[in-house]
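Residues per chain, in single letters:
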Amino acid sequence: IRAATLQDKKLIGTANVIHVARKTIVLSCEIRNDKDKLIATGLFTYFAHPDVIRFLGDDRFYREQMALLCREAALCGIPLEMNLLGVWSKRNYPDRRFWELAAEAGCKAVLGWDAHAPEHLRKPREEALLRSWAAELGLDLLDQVKLQTF
């Protein structure tokens, strides 16, 4: 897996991709801007840690903007990643506010380990926490996703 820059239709972000049999498979993406427009391209398997933004401003503004992203993801059928790295390393994500909005929008979700080392693959407490959030909020937590190719 390697990072690649996506510059399609003037939309820029970072994607985690693998190349198999001359096809590029997009595993996940992390977008710096125009998140709702990028989701609509249909190029992505899921949207990686969409709640990574550490927003400390007006909560109403945060909720409006993140609700737009969630509605677009739900409309396009793109799952959103609940990131375990953020839990076990005590980062500002996953952000429960975001996941409440995702549930309200009817988003699907996937768990992402974001493993930078083999020992990061087994985090049962963190996985249980995010699974409980998904259940409490009524999020459809997917066990499998269909890889998108382009």
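The paragraphs below set out a description of the structure included in this document.

**Here's the deal with the environment of Gly86**
Within the secondary structure layout, Gly86 lies in helix H3 (residues 84–88). The contacts of Gly86, once residues within four sequence positions are left out, are Arg91, Tyr93 and Pro94.

**Thoughts on the pattern of salt bridges**
By the definition in use, this model includes nine salt bridges. Where Asp95 meets Arg97, a salt bridge forms, and the shortest distance between an N and an O atom there is 3.0 Å. The class for Asp95 is buried, based on a relative accessible area of 12%. The network of salt bridges with shared partners includes Asp59, Arg63, Asp95, Arg96, Arg97, Glu100 and Glu136.

**A short note on the nonpolar core**
Grouped together as the largest cluster of nonpolar side chains are 25 residues, with contacts concentrated most on Leu80, Met82, Phe98, Trp99 and Ala102. Going through the elements one at a time, helix H2 (59–76), strand E4 (80–83), H3, helix H4 (96–105), strand E5 (108–112) and helix H5 (124–137) are the ones with two or more residues in this core. The dominant element in this core, judged by the number of residues it contributes, is H2, at six residues. Other than its neighbours up to four places away in sequence, Leu80 contacts Phe47, Pro50, Leu69, Cys70, Ala73, Phe98, Trp99, Ala102, Cys107, Lys108, Ala109 and Val110.

**Observations concerning the packing of H2 against H4**
Close contact between H2 and H4 brings their axes to 9 Å; oriented N to C, the two are set at 45°. One element, H2, and the other, H4, form an angle in the oblique class. Viewed along their axes, H2 and H4 form a crossing whose handedness is right-handed. Contacts between H2 and H4 involve Asp59, Tyr62, Arg63, Met66, Ala67, Leu69, Cys70, Arg71 and Ala74 from the former and Arg97, Phe98, Glu100, Leu101, Ala102 and Ala105 from the latter.

**Description of H5**
Count 3.6 residues to each turn of an α-helix, and residues three or four apart come out pointing the same way. Across its 14 residues, H5 extends 20 Å between first and last C-alpha, which sits within 8% of the 20 Å expected from 1.5 Å per residue. The complete set of buried residues in H5 reads Glu126, Glu127, Leu130, Trp133 and Ala134. Down the axis of H5, the smallest arc covering the buried residues is 120°, so these residues share one side. Of the exposed residues in H5, those oriented more than 90 degrees away from the buried face are Arg125, Ala135 and Glu136. Structurally, H5 contributes buried residues whose contacts are with E4, H3, H4, E5 and strand E6 (140–141). After H5 finishes, the residue Gly138 shows a positive phi value of roughly 80°.

Cut-offs and rules
- Residue indices begin from 1 for each chain and proceed along its sequence in written order.
- Given that this is a predicted model, residues contribute local features only at a pLDDT of at least 70 and side-chain atom pairs are listed and counted only at 80 or more, while totals for whole chains, interfaces and linings are drawn from all residues.
- The side-chain quantities take in all heavy atoms of the structure and omit both hydrogens and water.
- Numbering of helices and strands runs from the N terminus; a helix is a DSSP stretch of H or I covering at least four residues, while a strand is a stretch of E covering at least two.
- When checking whether two residues touch, look at their non-hydrogen atoms; a contact exists if any pair is within 4.5 Å.
- The salt bridge criterion pairs a side-chain nitrogen of Lys or Arg with a carboxyl oxygen of Asp or Glu, the two atoms within 4 Å.
- Buried residues are those whose accessible area, probed at 1.4 Å on protein chains only, stays under 20% of the maximum for their type, while exposed residues exceed 50% and partly exposed ones sit between those limits.
- In this text, buried Ala, Val, Leu, Ile, Met, Phe, Trp, Tyr and Cys residues form a nonpolar core when linked through side-chain atoms within 4.5 Å.
- A fitted line through C-alpha atoms represents every axis, and for helices the fit uses only the stretch in contact; the resulting angles, taken between N-to-C directions, go from 0 to 180 degrees.
- Roughly parallel covers angles under 35 degrees, roughly antiparallel covers those over 145, roughly perpendicular covers 65 to 115, and oblique covers all other angles.
- Each crossing gets its hand from how the near helix is turned against the far one by less than a right angle, where anticlockwise is left-handed and clockwise is right-handed.
- Multiplying one less than the number of residues by 1.5 Å gives the expected span of a helix.
- Directions drawn from the helix axis to the C-beta atoms are what define this arc.

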